[in-house]
Structures are given as structure tokens and as C-alpha cells.
Amino acid sequence: MTLSVRFWGVRGSIACCGPRTARYGGNTSSLEVRCGSRLLMFDAGTGIRYLGKTLEGAGPIDADLYFTHTHYDHVCGLPFFGPLFRSQNRFRLWAGHLGDGLTLRRVLSEFMIAPLFPVPPDVFRATMEYRDFAPGDTLAAGADVVLRTAPLNHPDGAVGYRVEYGDRSVCYVTDTEHVPGAPDKNVLGLIAGADLVVYDCMYTDEEYNDYVGWGHSTWQEGLRLCKAAGARRLAVFHHDPEHDDALLEDIEAKVAAALPGSLVAREGLVIEL
Ligand SMILES: [Zn+2]
Ligand SMILES: [Zn+2]
């Protein structure tokens, strides 16, 4: 019963590949979670294209893709995820942040639309199922896998996830903004006792003052939440495009000292829990 996480994209807002970000990576949000042989994917930022490459030549794929929300940096890699173009594959796409009668299918159709994009989602040849849920729901994610959800604090909404498999758990909590001095009860409940918390650490506490209301949090708040909730390790995630490798290395030393085992997520990193 092995639970593993692989990071394919760790950057927030917009891809920023180049020499300043070569060590941690410049692609936007994409996670691969394996629960035994079961594949769960989270978000479809630019990193998901590289995940798709590793799945080429594999047998038929039956997997789930869960969106935190549908801001561009979390969906723009979807049309470039190669396995969607193979008829032998089956994917379920999930979102829980949409209200007001919106559906994930409609939102993606209006994202892949001329003249913004040359082809609609109908070009996908895999069997596609679009599933909408309410934040707080517990979702079916295959035998022995429990997937809990909670609402996050973000413009247009977002959903945090907790994957439980065997006696292990990993939480994916991005994009979300904290209120200084008032830990988010929804987040605390979701991450209680988790082995690993991947958290929106777009800013530092010092930078945050200039970005109140933008929908993001800080690595210091990530540490405070993990400690308050008894979570074991923090993975700093959704890095600001302006945060270069030197700054992230500095943050990594600080989080590792404050909560041993904590780290800054980088492309290619695999964590087995
Ligand atoms: Zn984002
Ligand atoms: Zn967002």
C-alpha cells in the first residue's frame, strides 16, 4: 500500500521557465498521486504535458483528474495532455468550486473555444466524464482510496483535497488566502494529522501585505497551519514567478529547520509516504 506524490508543475500564476528557475522549475500546477496502481492527477497546469509523456505507450489508462479550480494556470495544460487523444483511455474530470449553475464541462468548453483556442474539448478521443461536486463532499476515488474535500478562500472559489490510502495521507491545498491571526478552520480540518501538506506558499509574510485579497498565502502560514493541525511535513508550493531558485533555497532551509522533513516542491520531486 504505497502512496506517492510526484510534482510536474509547482509554479503559480504563469509559467516562467528559464535559468532563474531551473532548479525548482517554471511549470504551473500539476501533481501525480499514486495509490498503489491507481492514478490520481491534480490540476492541469503546464506541467501536465510532461506527465502525459510518461504515460505514452502504457496500456489503457483509467484515471481521475481533480481540479482545485479553473483559473488559467490550473487548466492551460489540459489540451496538451496527450493521453486525452487516445480512444483506449478513460478519464473522469472533477471540480467542486463552480456554483451558479456552471459546470466543469461548460467552463472547459468556453476555455477551448475559437478564437482563443483552435479546437474544442470534443477533439479528445478518450472517454471523458465531467463530474461536479460540492466542496466538503467525500469523493469516490477507487478501492481503498478516500478523497476528502474542503472549500478554500480564493477569488471564484477553489477546493482543497485530502487523499487517504492505507494509513497514509497527503493534502493538496492551493490556491487559498489566509486571514492573519485566524487560522482557516476548513484547512485545519482537512489537514489534521496528515503526513504531507502541499500548500499555497505564493508569498512570504512580508510580501503578503502588498497582496491582500489576491487569494494566496505564505510559507509561514503553511508552517503555522501544519503545526496547529499536527501535520507532519509541509511542501511549499505555487511559487511566485518572481521567486528565483536562490530565494526558494533560502525558504527551504527555513521550513526544514522549523518542521523537519518539510521542503520546497520542485519539478520531478517524488515523495513516497
Ligand atoms: Zn494558481
Ligand atoms: Zn487561482
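Further up the page is the structure itself.
Residues numbered from 1 in each chain as written. Chains lettered and ligands numbered in written order. Predicted model: local features only at pLDDT ≥ 70, side-chain atom pairs only at ≥ 80, totals over all residues. Heavy atoms only, no water.

Novice: If you had to explain the overall build of the protein chain to someone new, which residues and values would you point to?
Specialist: The helix and strand inventory of the protein chain stands at seven helices and 14 strands. Computed over the C-alpha atoms, the radius of gyration of the protein chain is 17 Å, within 12% of the 19 Å expected from 2.2 N^0.38 for a compact globule of 273 residues. Expressed as lengths along the three principal axes of its C-alpha atoms, the size of the protein chain is roughly 50 × 40 × 40 Å. Classification of the 273 residues of the protein chain by burial places 56% in the buried group. Within the protein chain, contacts between residues at least 6 apart in sequence are counted, and of these 66% link residues at least 24 apart. Surface accessibility of the protein chain: about 11200 Å² in total, with carbon and sulfur atoms responsible for 52%. One way to put it: in the protein chain the 25 positive side-chain charges average out to a point 7 Å from where the 35 negative ones average out. (Helix = DSSP H or I, 4+ residues; strand = E, 2+ residues; numbered from the N terminus. Rg over C-alpha atoms; globule rule 2.2 N^0.38 Å. Buried < 20%, exposed > 50% of the residue type's maximum accessible area, 1.4 Å probe, protein only. Contact = heavy atoms within 4.5 Å. Areas by Shrake-Rupley, 256 points an atom, 1.4 Å probe, with all protein chains shown as cover. Lys, Arg positive; Asp, Glu negative; His and termini not counted. Charge placed at Lys NZ, Arg CZ, Asp CG, Glu CD.)

Novice: Tell me about the nonpolar core, residues and numbers included.
Specialist: Formed by 31 residues in total, the largest nonpolar core has its most connected members in Phe7, Leu40, Phe42, Tyr66, Tyr161, Val163 and Val198. Broken down by secondary-structure element, the contributors of at least two residues to this core are strand S1 (3–9), strand S2 (30–35), strand S3 (38–42), strand S8 (145–151), strand S9 (159–165), strand S10 (168–173), strand S11 (196–200) and strand S12 (234–237). With four residues, the top contributor of residues to this core is S9. When near neighbours in sequence (up to four residues on either side) are disregarded, valine 163 contacts Leu3, Val33, Cys35, Leu40, Phe42, Val145, Val146, Leu147, Arg168, Ser169 and Val170. Membership of the second largest hydrophobic core comes to 29 residues, among which are Leu65, Leu84, Leu104 and Val107. (Core = buried A, V, L, I, M, F, W, Y, C linked by side-chain atoms within 4.5 Å.)

Novice: Could you give me a rundown of the pattern of salt bridges, with the residues and numbers involved?
Specialist: Tallied over the full model, the rule gives 17 salt bridges. Between arginine 90 and glutamate 129 there is a salt bridge, with the nearest N and O atoms lying 2.9 Å from each other. Within this pair, whereas arginine 90 is found in strand S5 (residues 90–95), its partner glutamate 129 is found in strand S6 (residues 127–132), the two being separated by 39 residues in sequence. Here arginine 168 and aspartate 167 are joined by a salt bridge, their closest N and O atoms 3.5 Å apart. By relative accessible area, which is 29% here, arginine 168 ends up partly exposed. For aspartate 167, a relative accessible area of 63% translates into the label exposed. (Salt bridge = Lys/Arg side-chain N within 4 Å of Asp/Glu carboxyl O.)

Novice: Let's hear about the coordination of the zinc ion (ligand 2): which residues, and what values?
Specialist: The coordination sphere of the zinc ion (ligand 2), as far as protein atoms go, consists of His69 (NE2), His71 (ND1) and His154 (NE2), spread over 2.1 to 2.3 Å. If you list the donors of the zinc ion (ligand 2) from N- to C-terminus, the spacing comes out as H-x1-H-x82-H. Here the zinc ion (ligand 2) and the zinc ion (ligand 1) are spaced 3.7 Å apart. With histidine 69 in the loop between strand S4 (62–66) and helix H2 (72–75) and histidine 154 in the loop between S8 and S9, this residue pair connects regions lying 85 residues apart in the sequence. When sorted by exposure, histidine 69 lands in the same class as histidine 154, which is buried. (Donors = N, O, S within 2.8 Å, 3.2 Å for Na, K, Ca; no water.)

Novice: Now, about the packing of aromatic side chains: what can you tell me, with residues and values included?
Specialist: Geometrically, a pair of aromatic rings is defined through the distance of the ring centres and the angle of the planes. Going through the model one piece at a time under the given rule, you end up with 15 aromatic pairs. One aromatic cluster is present, formed by Phe7, Phe42, Tyr66, Trp94, Phe133, Tyr161, Tyr172 and Phe237 through successive ring pairs. (Phe/Tyr/Trp six-rings, centres within 6.5 Å; stacked < 30°, edge-to-face > 60°.)

Novice: Hey, could you go over the pairing of S8 for me, with residue numbers and the actual values?
Specialist: Of the strand pairs in this sheet, strand S7 (residues 138–140) and S8 are connected by three bridges, and their pairing is antiparallel. Counted as the bridge partner of alanine 140 is valine 146 from S8. Connecting the antiparallel pair S7 and S8 is a turn made up of four residues, with glycine 142 showing a positive phi of about 100°. As judged from the seven bridges shared by S8 and S9, these two strands associate in the antiparallel manner. (Pairing = 2+ DSSP bridges.)

Novice: Tell me what's going on with the sheet that holds S9, and back it up with residues and numbers.
Specialist: Spatial strand order, S7-S8-S9-S10-S11-S12-S13: seven strands in an open sheet with mixed pairing. Taken across any chain shown, the strands that pair with only one partner, and hence form the sheet edges, are S7 and strand S13 (263–264). As defined by bridge partners, S10 adjoins S11 across four bridges and the pair is classed as parallel. Each bridged residue has a counterpart across the sheet, and for valine 173 the counterpart in S11 is tyrosine 199. Packed onto the sheet, helix H6 (residues 219–229) meets S11 and S12 and runs at close to 155° relative to S12. (Axes fitted to C-alpha atoms, helices over the stretch in contact; angles between N-to-C directions.)

Novice: Go over helix H3 (residues 104–111) with me, naming the residues and quoting the values.
Specialist: An α-helix turns once per 3.6 residues; consequently, residues spaced three or four apart project the same way. Listing the buried residues of H3 in full gives Leu104, Val107, Leu108 and Phe111. Each buried residue of H3 lies within a common arc of 95° when the element is viewed along its axis, so the set occupies one face. (Arc of directions from axis to C-beta.)

Novice: Any details on the state of the cysteines? Residues and values, ideally.
Specialist: Summed over all chains, the structure comprises zero disulfides. Cysteine 201 carries a free sulfur, and the closest cysteine sulfur to it, the one in cysteine 226, is 8.4 Å from it. (Disulfide = S-S within 2.5 Å.)

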